[in-house]
Protein chains: 2
Amino acid sequence: MERRFLSGKDESQFRHQGAVELLVFNVLLILTILTIWLFKNHRFRFLHETGGAMVYGECINCGIVDQSDSPVQKVPKSEISENFISQTNQWFLLKPYQMTFDPEIFFNVLLPPIIFHAGYSLKKKHFFQNLGSILTYAFLGTAISCIVIGLIMYGFVQGMIHAGQLKNGDFHFTDCLFFGSLMSATDPVTVLAIFHELHVDLDLYTLLFGESVLNDAVAIVLTYSISIYSPKENPNVFDAAAFFQSVGNFLGIFAGSFAMGSAYAVVTALLTKFTRLCEFPMLETGLFFLLSWSAFLSAEASGLTGIVAVLFCGVTQAHYTYNNLSSDSKMRTKQLFEFMNFLAENVIFCYMGLALFTFQNHIFNALFILGAFLAIFVARACNIYPLSFFLNLGRKQKIPWNFQHMMMFSGLRGAIAFALAIRDTDSQPKQMMFTTTLLIVFFTVWVFGGGTTPMLAWLQIRVGVDLDEDLKEEPSSHQEANSVDKSSTKTESAWLFRMWYGFDHKYLKPILTHSGPPLTTTLPEWCSPISRLLTSPQAYGEHLKEDDVECIVNQDELAMNYQEQVSSPCSTPARLGLDSNASPQTPSKENIYEGDLGLGGYELKLEQTPGQSQLN
Amino acid sequence: MERRFLSGKDESQFRHQGAVELLVFNVLLILTILTIWLFKNHRFRFLHETGGAMVYGECINCGIVDQSDSPVQKVPKSEISENFISQTNQWFLLKPYQMTFDPEIFFNVLLPPIIFHAGYSLKKKHFFQNLGSILTYAFLGTAISCIVIGLIMYGFVQGMIHAGQLKNGDFHFTDCLFFGSLMSATDPVTVLAIFHELHVDLDLYTLLFGESVLNDAVAIVLTYSISIYSPKENPNVFDAAAFFQSVGNFLGIFAGSFAMGSAYAVVTALLTKFTRLCEFPMLETGLFFLLSWSAFLSAEASGLTGIVAVLFCGVTQAHYTYNNLSSDSKMRTKQLFEFMNFLAENVIFCYMGLALFTFQNHIFNALFILGAFLAIFVARACNIYPLSFFLNLGRKQKIPWNFQHMMMFSGLRGAIAFALAIRDTDSQPKQMMFTTTLLIVFFTVWVFGGGTTPMLAWLQIRVGVDLDEDLKEEPSSHQEANSVDKSSTKTESAWLFRMWYGFDHKYLKPILTHSGPPLTTTLPEWCSPISRLLTSPQAYGEHLKEDDVECIVNQDELAMNYQEQVSSPCSTPARLGLDSNASPQTPSKENIYEGDLGLGGYELKLEQTPGQSQLN
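Residues numbered from 1 in each chain as written. Chains lettered and ligands numbered in written order. Predicted model: local features only at pLDDT ≥ 70, side-chain atom pairs only at ≥ 80, totals over all residues. Heavy atoms only, no water.

What chain A contains, in helices and strands, is 27 helices and two strands. Here chain A, with 616 residues, has 60% of them falling under the buried criterion. Of all intrachain contacts in chain A linking residues separated by at least 6 positions in sequence, the fraction that spans at least 24 positions is 82%. Carbon and sulfur atoms provide 64% of the accessible area of chain A, an area that totals close to 23,800 Å². (Helix = DSSP H or I, 4+ residues; strand = E, 2+ residues; numbered from the N terminus. Buried < 20%, exposed > 50% of the residue type's maximum accessible area, 1.4 Å probe, protein only. Contact = heavy atoms within 4.5 Å. Areas by Shrake-Rupley, 256 points an atom, 1.4 Å probe, with all protein chains shown as cover.)

Turning our attention to the domain arrangement of chain A. Residues and elements named next belong to chain A. Domain assignment breaks chain A into domain 1 (103–232 + 239–459) and domain 2 (495–522). Domain 1 puts 13 residues into the contact, and the matching count from domain 2 is 11 residues. Taking both sides of the interface into account, the surface hidden between domain 1 and domain 2 amounts to around 1,100 Å²; carbon and sulfur atoms contribute 63%. Taken together, domain 1 and domain 2 are joined by zero salt bridges. At the level of elements, α5 (124–129), α6 (131–162), α10 (240–274) and α12 (306–324) are the ones that each hand at least two residues to the side of domain 1 that touches domain 2. Sorting elements by how many residues they give to the side of domain 1 that touches domain 2 places α10 first, with five residues. (Domains from an automatic or database assignment. Buried area = accessible area lost by both parts, 1.4 Å probe. Salt bridge = Lys/Arg side-chain N within 4 Å of Asp/Glu carboxyl O.)

All right, on to a nonpolar patch on the surface then. Residues and elements named next belong to chain A. A cluster of nonpolar residues, V55, F443, W446 and V447, forms a patch on the protein surface that exposes about 300 Å² of accessible area. Ranked by residues supplied to the nonpolar patch, first place goes to helix α17 (residues 428–450) with three residues. Locating F443 in the fold gives a position in helix α17. Residue F443 is classed as partly exposed on the basis of its relative accessible area, which comes to 35%. (Patch = residues over 30% accessible without salt bridge, like charges linked within 9 Å, V, L, I, M, F, W, Y side chains within 5 Å.)

Right, let's talk about the relation of the copies chain B and chain A for a bit. Superposing the two chain copies requires a rotation about an axis and a translation along that axis. Placing chain B over chain A gives an RMSD of 0.0 Å and needs a rotation angle of 180°, together with 0.0 Å of translation along the axis. Both copies are brought into coincidence by an operation consistent with a two-fold rotation axis. Both copies present the same face, since 98% of the interface residues in chain B are matched by interface residues at the equivalent positions in chain A. (Least-squares fit on C-alpha atoms with pLDDT ≥ 70 in both.)

Before going further, it helps to spend a moment on the interface of chain B and chain A. Contacts between the two partners involve 66 residues from chain B, matched on the other side by 66 residues from chain A. Both sides together, the interface formed by chain B and chain A hides about 6,400 Å², and carbon and sulfur atoms give 69% of it. Put simply, chain B and chain A have two salt bridges between them. We note a salt bridge from B:R332 to A:E338, for which the minimum N-O separation is 3.6 Å. Put simply, chain B and chain A have six residue pairs in polar contact (both at pLDDT 80 or more) between them. At 20 residues, helix α1 (residues 2–41) of chain B tops the list of elements feeding residues into the side of chain B that touches chain A. Split by residue class, the side of chain B that touches chain A holds 34 nonpolar, 15 polar and 17 charged. (Polar contact = N/O pair within 3.5 Å; in protein donor to acceptor, adjacent residues only side chain to side chain. Nonpolar A, V, L, I, M, F, W, Y, C, P; charged D, E, K, R; others polar.)

Moving on: the confidence of the model for chain A. Residues and elements named next belong to chain A. Averaged over all residues, the pLDDT of chain A equals 72, while 70% of them reach at least 70. Below pLDDT 50 for its whole length, residues 1–10 participates in seven contacts with residues either more than four positions away or in separate chains. Between residues 469–493, whose pLDDT stays under 50, and residues either more than four places distant or in other chains, the model counts 62 contacts. At the level of chain-chain contacts, confidence expressed as ipTM amounts to 0.75, with global pTM at 0.76. (pLDDT = per-residue confidence, 0-100.)

A word on the side chain of A:T316. All names here are of chain A. Topologically, T316 is positioned in helix α12. Judged by its relative accessible area of 13%, T316 falls in the buried class. In this view, T316 contacts S262, A265 and T321; residues no more than four positions away in its chain are not counted.

Glancing now at the environment of A:R276. With respect to the helices and strands, A:R276 occurs in the loop between α10 and α11 (281–301). C-alpha of A:R276 to C-alpha of A:N324: the two residues are 48 residues apart in sequence and 9.5 Å apart in space. Here A:R276 is in contact with B:W37 and B:N41, once residues within four sequence places are set aside.

The relative placement of two packed helices is expressed as an angle between their axes plus a distance between the axes. Residue and element names in this part refer to chain B. In contact at an axis separation of 9 Å, helix α14 (residues 366–394) and helix α15 (residues 401–409) are set at 150° when each is read in the N-to-C sense. Put simply, α14 runs roughly antiparallel to α15. For the element pair α14 and α15, the recorded crossing hand is right-handed. Here α14 contributes F377, R380, A381, I384, Y385, S388 and N392 to the contact with α15, which in turn contributes W401, Q404, H405, M407 and M408. In terms of residue class, the contact of α14 with α15 is built from seven nonpolar, four polar and one charged. (Axes fitted to C-alpha atoms, helices over the stretch in contact; angles between N-to-C directions. Parallel < 35°, antiparallel > 145°, perpendicular 65-115°, else oblique. Left-handed = near helix turned anticlockwise from the far one by under 90°.)

This part is about α11(A). Between its first and last C-alpha atoms α11(A) spans 29 Å; for 21 residues at 1.5 Å apiece the expected length is 30 Å, and the two agree. After α11(A) finishes, the residue A:G303 shows a positive phi value of roughly 80°. (Expected span 1.5 Å × (residues − 1).)

Applying the stated criterion to the full structure yields 10 salt bridges over all chains. Where salt bridges share partners, they join A:D328, A:R332 and B:E338 into one cluster.

Next up on the list: helix α4 (residues 103–120) of chain B. Residues spaced three or four apart along an α-helix point in a common direction, a consequence of the helix completing one turn every 3.6 residues. All names here are of chain B. Taking 1.5 Å as the rise per residue, α4 with 18 residues should run 26 Å; its terminal C-alpha atoms sit 25 Å apart, in good agreement. Bending of α4 peaks at approximately 50° at the position of L111, with proline P112 no more than four residues after it. Within α4, 16 of the 18 residues are buried, leaving the element largely enclosed by the surrounding structure. (Bend = angle between axes of the 7 residues up to and from the residue.)

Looking at where B:F442 falls in the secondary structure, it is placed in helix α17 (residues 428–450). Not counting residues within four places of it along the chain, the set of residues in contact with B:F442 comprises B:M54, B:E58, B:M352, B:G353 and B:L356.

Attention shifts here to the packing of helix α7 (residues 173–183) of chain A against α17(A). Residue and element names in this part refer to chain A. Close contact between α7 and α17 brings their axes to 11 Å; oriented N to C, the two are set at 25°. Taken together, the axes of α7 and α17 lie roughly parallel to each other. Once α7 is placed against α17, the crossing between them reads as right-handed. Judged by residue contacts, D175, F178, F179, L182 and M183 of α7 engage K430, M433, T436, T437 and I440 from α17.

Attention now goes to the packing of aromatic side chains. Within the structure shown, the criterion is met by 56 aromatic pairs over all chains. Between A:F116 and A:Y120 the ring centres are 5.6 Å apart and the planes differ by 25°, which places this aromatic pair in the stacked class. Highlighted residues: A:F116 and A:Y120, both in helix α4 (residues 103–120), separated by four residues, approximately one helical turn. Judged by centre distance (4.7 Å) and plane angle (70°), the rings of B:F258 and B:F312 are edge-to-face. (Phe/Tyr/Trp six-rings, centres within 6.5 Å; stacked < 30°, edge-to-face > 60°.)

Have a look at this one:
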């Protein structure tokens with residue numbers, strides 16, 4: 001009896017401690033929410049909620065650290081590794097006055113909803129219009145950034161070795177590249193929140209948002225590829241075989257994760273299309289949530305990168321499945337992921353505040369920190385300006401200088417960099433990197449995040465644009481749209497865009513959603529059994545002619561651009577009258593659809609920029 | 001380099017296994033959802049989603065067990081305890097072909113949303129009208145059930161000892177009572193889902209729902225109190241001191257948890273009342289969620305019962321805070337908790353299916369199982385029929401026989417009983433209890449859950465009642481209401497109801513929400529500074545007279561019953577014209593408010609039941 005009583009007590013002791021720690025986080029988050037409310041109420045914009053969360057994280061910390069004897073003590077190496085390796089199975093490391101999550105929580109619990117939300121809330125139309133630029137910044141830019149940071153840091157590391165602060169052999173070039181790759185994950189959440197609030201120019205918003213979202217994926221896979229780069233002999237010597245294996249790893253993991261994420265979204269789209277789940281919004285939402293999460297888990301289970309899978313799953317879900325959902329589920333899924341994103345983001349930033357003081361193995365090295373700050377600015381500049389220059393050669397609508405400066409300025413580091421850095425802290429170089437990453441995150445979020453509004457004013461970037469596409473149904477925008485020159489909606493990356501749009505409109509949308517032309521008209525004759533099976537009953541029928549055209553065009557946000565630029569690559573299913581807006585004989589209708597996107601006033605102004613008019 | 005590579009691989013191995021396990025659960029849930037959809041689509045009602053979840057849990061199991069060598073092997077005692085105690089820190093016990101959650105997950109992650117949702121979705125009006133009966137069933141009924149089951153099981157245990165199946169001293173009377181208390185937690189989720197779908201009589205629904213919700217709380221605290229009942233000497237001998245200590249524990253924990261939960265809800269109500277958070281639905285929802293969760297965590301941290309705290313937090317949030325929320329947040333919070341409830345419930349039932357085969361230490365004892373089945377039926381009968389008899393002596397609106405039979409029939413066991421049983425499985429009696437509990441849950445969910453619809457028909461219980469109170473604003477119901485005899489809404493527990501309602505309407509509602517009379521009129525003169533501070537600006541003002549009365553009365557669902565029964569206990573704030581509907585001079589208006597609740601047709605029919613007419 002005594003034993004059971006005791007063991008019960010021990011167990012409840014554990015439970016209580018876990019509850020206390022979660023409670024502390026809850027209180028921090030509650031304080032953060034109240035502060036954000038206070039700030040929003042008074043229209044302060046210099047501190048974003050994430051910044052606030054960090055401040056509170058630090059505050060609670062100071063209280064904790066004061067009671068502790070040796071907050072930043074040096075712990076012998078073995079204990080360090082024990083600390084962090086033993087955590088793999090534990091959610092909390094229970095030491096007095098110390099609260100640390102298992103780093104894997106960041107990757108498996110907190111990041112997926114953030115990343116999925118980013119993909120799911122993508123402004124599709126602008127994203128696909130700027131696809132070429134976004135891909136360039138995300139892939140090429142991240143690679144440039146990684147290499148530049150790696151090189152600069154290697155220089156500084158050599159300096160540190162000369163200065164005797166570091167032993168030779170502790171810090172390889174691969175470590176520098178590792179740091180470069182994790183530091184390349186930009187996270188302008190603060191900037192984007194302010195952009196959203198101030199309704200900043202949509203193209204700038206999209207470029208920055210698209211870049212940061214894809215760049216996270218690239219940085220994560222890059223970091224992983226570098227961490228498993230293992231030359232056979234001297235790690236300092238370049239090993240071509242190992243290098244190409246790393247590149248192969250990178251490409252394989254990226255492509256595999258992309259395929260996995262998209263595949264799950266396609267399954268969801270087909271399920272929501274062919275079962276009439278929309279009568280039961282709860283089941284539909286549940287299915288949507290579980291399949292999206294399964295994309296993450298399947299990728300992890302098969303050795304791919306779950307975060308990348310979940311990102312592309314989100315994008316695909318938004319593009320196809322979203323159209324099949326009932327209006328109730330549309331709202332539910334949006335709000336659910338918005339809420340999860342909000343919570344996860346604030347937990348991460350709160351935790352960063354906590355980690356600045358409670359993490360036991362900080363290594364503050366002034367030279368390394370200085371080098372890192374220098375490196376991220378140089379790398380960001382080497383990424384944005386040259387790439388923008390080359391992109392402008394091909395873009396019809398140039399990226400103006402003020403946009404480039406703003407993108408340069410928005411190179412904040414955040415959750416991903418932190419999560420990548422905390423994942424591995426069992427060697428001295430890694431600890432130094434972690435400390436430096438933390439400081440850079442703090443600095444960029446506070447200084448650059450806080451400086452966004454003044455910077456926007458200084459660079460004279462247009463604010464107050466109608467960002468919310470929900471307004472597209474307002475009749476007032478129809479009026480405006482009529483006065484817009486249609487050619488102004490032409491943007492860059494036309495060939496990529498056209499190719500993608502044609503394929504998407506002719507095959508993918510009809511297969512995966514209820515919209516688009518019936519497959520029987522777009523697929524070759526010999527596919528007719530399959531195409532008849534896959535075509536939604538809604539895609540046939542006379543009732544489409546009048547009522548559903550508007551709805552479909554609204555869903556199909558890209559329609560009007562495509563139809564303006566391409567003369568006749570799409571076999572117009574004339575018999576349905578569906579694409580009546582595709583024929584140039586009906587300009588008034590076309591204008592209405594354009595107006596429906598609420599971009600009238602916005603496009604009008606863009607057209608007046610000098611670089612634009614000379615090209616049209 | 002090699003080491004890191006390996007350790008990285010080990011770590012990712014672990015991650016992959018965790019991902020695979022979660023994936024299996026996800027797939028099970030996805031299958032469950034698709035099955036539910038199929039069933040709902042074809043209007044099958046014999047298998048509820050929870051039943052389906054269990055089936056799939058078992059199916060996956062069979063696949064797993066087939067590959068395993070010894071699925072139900074006897075493991076030596078030490079290993080058993082090691083298995084289950086070591087799990088405290090682990091989320092998954094990683095053995096090939098075996099998946100077990102940490103039992104604490106049920107208590108800390110899965111149950112709180114279910115219980116909170118139950119509290120939050122309570123039909124307040126009917127709940128408070130039947131408060132006396134519900135409390136009687138929940139407290140007295142659960143105590144009776146616990147003791148009856150304990151006694152019967154003790155008899156069977158003695159029989160088992162005689163038959164040589166059990167050693168004397170293994171199974172104390174306290175163990176029997178422990179089993180009785182955990183078996184007393186009824187969970188008619190299947191029945192209630194069918195009730196909801198078929199729109200069964202609201203009073204029966206409320207009685208059953210209220211009983212099951214509160215009875216969970218009682219059973220949890222009771223189980224805990226019994227488990228820490230530790231007589232100093234022989235555990236088989238009654239120890240008065242220890243017994244009274246247990247009773248004291250029960251009362252203290254219950255009251256403390258109640259206070260903790262309500263306190264957090266009150267804080268939330270005040271925060272949402274005085275900060276205008278409603279302009280930011282996301283912040284409001286976040287605050288609501290975090291404060292409700294904090295109620296759970298605080299109770300756990302201070303040694304109380306989180307589940308009980310979160311239940312009363314939910315009830316209080318629904319009663320007060322809900323009125324302060326913006327309409328967007330109202331929907332968001334409702335849908336969020338509905339969704340979490342849906343997922344958590346299905347995970348638990350899925351897991352139960354899994355546990356039937358994968359749990360390594362099942363002890364199937366035919367005599368014990370037989371005894372348990374007998375015990376729960378006898379105990380349910382001893383609970384429902386005598387208590388209903390006594391309640392009918394005091395109730396104006398009797399609980400008819402068919403309701404009593406239906407309540408008897410709805411004594412399903414579910415998530416709580418399972419969670420209580422799995423929490424402690426480190427001794428043989430406890431393992432026997434766990435196995436038996438699992439079987440009882442399966443049997444009751446499948447047989448009784450599946451038999452609900454035929455039973456309703458056989459007992460001639462009215463279905464198709466307008467359950468959704470949202471319809472109250474439909475003008476059609478106004479018409480009906482006018483033809484209703486007002487006295488028909490009079491129900492039982494009048495004195496308790498009146499007392500509570502008076503206090504709530506005069507003090508609590510004005511303090512915590514924007515509705516009700518201004519505190520300056522209800523509180524004594526000397527409190528005026530405080531009352532002026534706490535009264536919502538909306539409570540004053542002339543505009544209330546016409547526009548807001550209806551809205552406030554709608555929020556204040558209890559109004560009309562109170563005003564019909566009580567002559568003048570509430571100091572009518574006549575100067576505001578707010579309670580004009582309280583004065584009997586305005587019968588037409590009163591009828592409209594009654595009609596607003598959409599109960600016209602319903603109450604009309606109730607009045608025609610024989611037991612009712614003779615009392616009115």
